[in-house]
Amino acid sequence: MNDILPGQVEVWQHVERTAREVFSRFSYGEVRTPTVEDTALFVRSVGEETDIVGKEMYTFEDKGGRSLSLRPEGTAPAARAYIEHSVVNQEPLTRWFYMGPMFRYERMKTGRYRQFHQIGAEAYGSKEPAQDVEIMDAVVQLLQKLGLTDVSLNVNSLGDEACRPAYQEKLVGHLRAHVDELCADCKVRLERNPLRVLDCKQERCQQIALAAPSILESLCEPCRAHFGDVQRKLGALGIKYEVNHRIMRGLDYYTRTTFEFIAAHPVLGTASTVGGGGRYDKLIKSLGGPDVPAVGVGIGLDRLCILLQESGQRFSQPTQLFIAVADEGSADEALVLASRLRREGLRVELDTRGGSLKSQMKRADKVGATYTLVLGERERQSGEAQLKPMAGGEPRPVKLAELAQELRASGKPAA
């Protein structure tokens, strides 16, 4: 679990602002759910045989004897809120997005932590392929606005309750032929939930999964038509994608469309998936709600920020003015001046410790101030001071009463 310090947090703030802007363009409203939920919510939605529920959840008993868990993902809490607040009676088509910390006790990798952060979006009420494509388009536009171009979209279909059983039979036959080579966990999965074998991270199990039959060959006609329409609409939007029948995702609630956004950057190593999601038409009903179709996506905020830090982009806002105090008698006036400029929207710093002018100018250089201004008795008496550009150039006189206007006119806009 990581601390996010100044110098890093500006990247996070940039991604969060951009995500809010993009999802609002798609008419998604922000929802905030508790960090802790009833453990049964995740067992029923994510799946008892998944690694998340079986191995990775932070689960504890509260003082009332209830089993609670830190949320390991965002879809189930959003679905619970959708049901609990009877949202379906308020609007037949609902679009939500959220961002915040999630928790899983899993193997540590670059961009994968035990407290990690997600941006997610969910759309309830539409079973149409257009809704699948809309939510993928929102992520594509987010990545483009962030300047992340080396991210590819992979899509697949998991079928539904009509065609998945026939595929599962084929898969079981393939896996039983290699049962001695499976890891201990996958031998259990083979008996309880064979599809989970395809999501195993062990290298040998992955090789066996690669040789497994494609689920796309077993799709029923409605699922095949749905997936074909998804691909056609992605093409109509000019969104590049690859069909990848190995995409299963690690959660039990998915049906039909699944997808992943995969980054081609060495800094992430094998943890290259920056986001993924899919359709979950039966989840709301299985949790006791109405029979409402839905589709969603989760994006790894930690990984996006790592990619942006590697891009060399600058996200921190420079200090526009550093006020250096020449004498003790000018300290209060400097504080008043700084406060007035800040009220007018300017980024201003002064060293409240005082000290020599030399030490104050070192501080101005360290914080990357664009301009410095020395305030002493002469400047207070005359109402005028010298505005010095730190990047080089001659100082110029400026009236203290007009300082805000001068800084704006210099081409350094307010925050």
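Residues numbered from 1 in each chain as written. Predicted model: local features only at pLDDT ≥ 70, side-chain atom pairs only at ≥ 80, totals over all residues. Heavy atoms only, no water.

(A) Region of interest: the overall build of the protein chain. Helices and strands together make up the secondary structure of the protein chain, namely 15 helices and 16 strands. Over its C-alpha atoms the protein chain spans a radius of gyration of 28 Å, topping by over 25% the 22 Å that the globule rule assigns to 415 residues. With respect to the three principal axes, the spread of C-alpha positions in the protein chain is 90 × 45 × 40 Å. Here the protein chain holds 415 residues, and the buried ones make up 50% of them. Here the protein chain has roughly 20100 Å² of accessible surface; of this, 48% comes from carbon and sulfur atoms. (Helix = DSSP H or I, 4+ residues; strand = E, 2+ residues; numbered from the N terminus. Rg over C-alpha atoms; globule rule 2.2 N^0.38 Å. Buried < 20%, exposed > 50% of the residue type's maximum accessible area, 1.4 Å probe, protein only. Areas by Shrake-Rupley, 256 points an atom, 1.4 Å probe, with all protein chains shown as cover.)

(B) Main features of the nonpolar core. Phe23 and Phe261 are the most contacted members of the largest nonpolar core, which totals 51 residues. When residues in this core are grouped by element, the largest group, nine residues, is from helix H5 (residues 129-146). Sequence-distant contacts of Phe261, that is, excluding residues within four places in its chain, are made with Met136, Val139, Val140, Leu143, Val151, Ser152, Leu153, Ser272, Thr273, Val274 and Gly275. Core analysis: the next-biggest nonpolar cluster, separate from the first, contains 44 residues, Ala79, Tyr124, Leu190 and Leu195 among them. (Core = buried A, V, L, I, M, F, W, Y, C linked by side-chain atoms within 4.5 Å. Contact = heavy atoms within 4.5 Å.)

(C) Quick peek at the sheet that holds strand E15 (residues 384-389). Reading across from one edge, E13-E12-E14-E15-E16 is the order of the five strands in this open sheet, with mixed pairing throughout. Edge positions in the sheet fall to strand E13 (348-349) and strand E16 (396-399), since each of these pairs with one other strand and no more. Bridging between strand E14 (residues 371-375) and E15 involves three bridges; their strand directions are antiparallel. Bridge pairing in E15 places Thr372 opposite Lys388. Here helix H12 (residues 331-343) sits on the sheet in contact with strand E12 (321-325), E13 and E14, set at roughly 170 degrees to E12. Against the sheet, helix H13 (residues 357-366) contacts E12, E13 and E14, and its axis sits at roughly 170 degrees relative to E12. (Pairing = 2+ DSSP bridges. Axes fitted to C-alpha atoms, helices over the stretch in contact; angles between N-to-C directions.)

(D) Seen up close, the pairing of strand E4 (residues 67-70). Sheet analysis places strand E2 (residues 36-38) next to E4, joined by three bridges and oriented antiparallel. Looking at E4, one finds that Glu37 is bridged to Ser69. With three bridges joining them, strand E3 (residues 59-61) and E4 adopt antiparallel strand pairing. Paired with Thr59 across the bridge in E4 is Ser69.

(E) Summary view of the domain arrangement of the protein chain. When cut into domains, the protein chain gives domain 1 (8-162 + 220-311) and domain 2 (321-405). Measuring from the centre of the C-alpha atoms in domain 1 to the corresponding centre in domain 2 gives 48 Å. (Domains from an automatic or database assignment.)

(F) Representation of the sheet that holds strand E1 (residues 29-30). Spatial strand order, E1-E5-E6-E11-E10-E9-E7-E8: eight strands in an open sheet with mixed pairing. Lying at the two open borders of the sheet, with one neighbouring strand each, are E1 and strand E8 (242-243). Across the face of the sheet, helix H11 (residues 301-311) comes into contact with strand E6 (115-124), strand E9 (255-263), strand E10 (273-279) and strand E11 (294-300) while running at roughly 45 degrees to E11.

(G) Seen up close, the layout of surface pockets. Taken as a whole, the second largest pocket holds about 280 Å³ of empty space. If you trace the second largest pocket, you find 15 residues lining it, with Val140, Gln144, Val151, Ile239 and Lys240 closest to the centre. Those elements that place two or more of their residues in the lining of the second largest pocket are H5 and strand E7 (151-157). (1 Å grid on protein atoms, 1.4 Å probe; cavity = no way out; pocket = protein on both sides within 12 Å on 5 of 7 lines; lining within 4 Å. Points joined across faces, edges and corners; volume = space filled by probe spheres on them.)

(H) Up close: the environment of Leu400. Along the chain, Leu400 falls in the loop between E16 and helix H15 (403-409). Considering only alpha carbons, one finds Leu400 and Gln386, 14 residues apart in sequence, at a separation of 9.5 Å.

(I) Main features of H11. In terms of burial, H11 is largely enclosed, as eight of its 11 residues are buried. Where H11 is buried, its residues meet helix H1 (9-25), E6, H5, E9, E10 and E11.

(J) Geometry of the environment of Leu143. Turning to its location among the elements, Leu143 is positioned in helix H5. Judged by relative accessible area, Leu143 falls into the buried class, the value being 5%. Residues Leu143 and Asp132, spaced 11 residues apart in sequence, show a C-alpha to C-alpha distance of 17 Å. Every residue in contact with Leu143, bar those within four places of it in the chain, is listed here: Leu148, Val151, Phe261 and Leu304.

(K) The pattern of salt bridges, seen in detail. Summed over the entire model, instances satisfying the criterion amount to 22 salt bridges. A salt bridge links Arg396 to Glu406, with the shortest nitrogen-to-oxygen separation between them at 3.7 Å. One end of the pair, Arg396, is in strand E16; the other, Glu406, is in helix H15, and 10 residues separate them in sequence. A cluster of three or more residues bridged by salt bridges with shared partners is formed by Arg20, Glu30 and Arg32. (Salt bridge = Lys/Arg side-chain N within 4 Å of Asp/Glu carboxyl O.)

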